[in-house]
Amino acid sequence: TTLTSATGYTLTTAQMFGGFISDTTATGAIAATTPTGTVICAALPGYTVGASWYFTYANPGNQTVTLTAGATGITLVGTMTVATGQVKTFLCVITGTNTVSIYSMGTATL
């Protein structure tokens, strides 16, 4: 999925489950907000606690992107910023009913 926005956006579950997001925004710092834990869990019928997936966020644009938590049910662990020219992988883990922890797994250079 390729995204661009001067003001930020809320990620969809399809984008997070798709595995790869690229943001080509030209200027400014933006926030990429996750869906709530309830929305994420609803998109995974029959999920079990401990279910997990990865997604990678690439930033070939000219801004800093910060992953921010949806209103409820999301816990962010680690550094959530993706600077210009970097790529970061996130691990998402279902931790309970309508709750998800998202872990920063490290940064690489594009």
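Up top is the structure.
A brief report on the enclosed structure follows. The shown structure was predicted, so the numbers you read here are calculated from the model rather than taken from an experiment. Per chain, the residues get numbers from 1 upward, laid out in the order the sequence is written. Whole-chain, interface and lining totals are the exception, using all residues; otherwise, since this is a predicted model, local features are given only for residues with pLDDT of at least 70 and side-chain atom pairs are given and counted only at 80 or more. For the side-chain quantities, the full set of heavy atoms in the structure was used; hydrogens and water were omitted.

## Observations concerning the sheet that holds strand β5 (residues 52-59)
- What the 6 strands build is an open sheet, ordered β1-β3-β5-β9-β10-β7; its pairing is mixed. At either margin of the open sheet sits one strand with a lone partner, and together these are β1 (2-3) and β7 (74-77).
- A strand pair is defined by DSSP finding two or more bridges across the two strands. Secondary structure follows DSSP: runs of H or I at least 4 residues long count as helices, runs of E at least 2 residues long count as strands, and numbering of each begins at the N terminus. In this sheet, strand β9 (residues 86-96) lies alongside β5 in antiparallel orientation, the contact comprising 8 bridges. By the bridge assignment, Ala58 is partnered in β9 with Val87.

## Some points on a nonpolar patch on the surface
- Patch building starts from residues that exceed 30% relative accessible area and form no salt bridge, then joins like charges within 9 Å and nonpolar side chains (Val, Leu, Ile, Met, Phe, Trp, Tyr) within 5 Å. Residue exposure ignores everything except the shown protein chains as possible cover, and the areas themselves are Shrake-Rupley values with a 1.4 Å probe. Salt bridges are identified by distance alone: a Lys or Arg side-chain nitrogen within 4 Å of an Asp or Glu carboxyl oxygen. Side chains of Tyr54, Val77, Tyr103 and Met105 sit close together on the surface and give an oily, nonpolar patch of about 370 Å² of accessible area.
- Think of it in three bands: residues with accessible area under 20% of the maximum for their type are buried, residues over 50% are exposed, and the middle band is partly exposed, with areas taken using a 1.4 Å probe on protein chains only. On the basis of relative accessibility, which here comes to 33%, the residue Val77 falls in the partly exposed class.

## A short note on the nonpolar core
- In this description, a nonpolar core means a group of buried Ala, Val, Leu, Ile, Met, Phe, Trp, Tyr and Cys residues linked to one another through side-chain atoms lying within 4.5 Å. Phe55, Tyr57 and Val100 are the most contacted members of the largest nonpolar core, which totals 22 residues.
- Contributions of two or more residues to this core are made by β4 (30-33), α2 (37-42), β5, β6 (65-68), β9 and β10 (99-109).

## Description of the sheet that holds β6
- Read across the sheet, 4 strands follow the order β2-β4-β6-β8 without closing on themselves; strand pairing throughout is mixed. Every other strand in the sheet has two partners, leaving β2 (9-10) and β8 (81-82) as the edge strands with one partner each.
- In terms of strand pairing, β6 meets β8 through 2 bridges, oriented antiparallel. Following the sheet pairing, Val65 is matched in β8 by Val82.

## Considering unusual backbone geometry
- Despite not being glycine, Asn98 shows a phi value in the positive range, around 60 degrees.
- With respect to the secondary-structure elements, Asn98 resides in the loop between β9 and β10.

## Details of the side chain of Lys88
- Locating Lys88 in the fold gives a position in strand β9.
- For this count, His and the chain ends are skipped, Lys and Arg are scored as positive, and Asp and Glu as negative. No salt bridge forms around the buried Lys88; measuring N to O, its nearest opposite-charge neighbour Asp23 is 14 Å away.
- Engagement of the side chain of Lys88 in a polar contact is seen with the backbone oxygen of Thr79, the distance being 2.8 Å.
- Under this definition, polar contacts are N or O atom pairs within 3.5 Å; protein pairs additionally need one hydrogen-donor-capable and one acceptor-capable atom, and for neighbouring residues in sequence, both atoms have to be side-chain atoms. At 3.3 Å, the side chain of Lys88 and the side chain of Thr107 are in polar contact.
- Discounting chain neighbours no more than four positions away, the residues touching Lys88 are Phe55, Thr56, Tyr57, Thr79, Met80, Thr81, Val82, Ser104, Gly106 and Thr107. Whether two residues touch is decided by their heavy atoms; if any such pair falls within 4.5 Å, the residues are in contact.

Remember that the coordinates give geometry; whether it matters functionally is a separate question.
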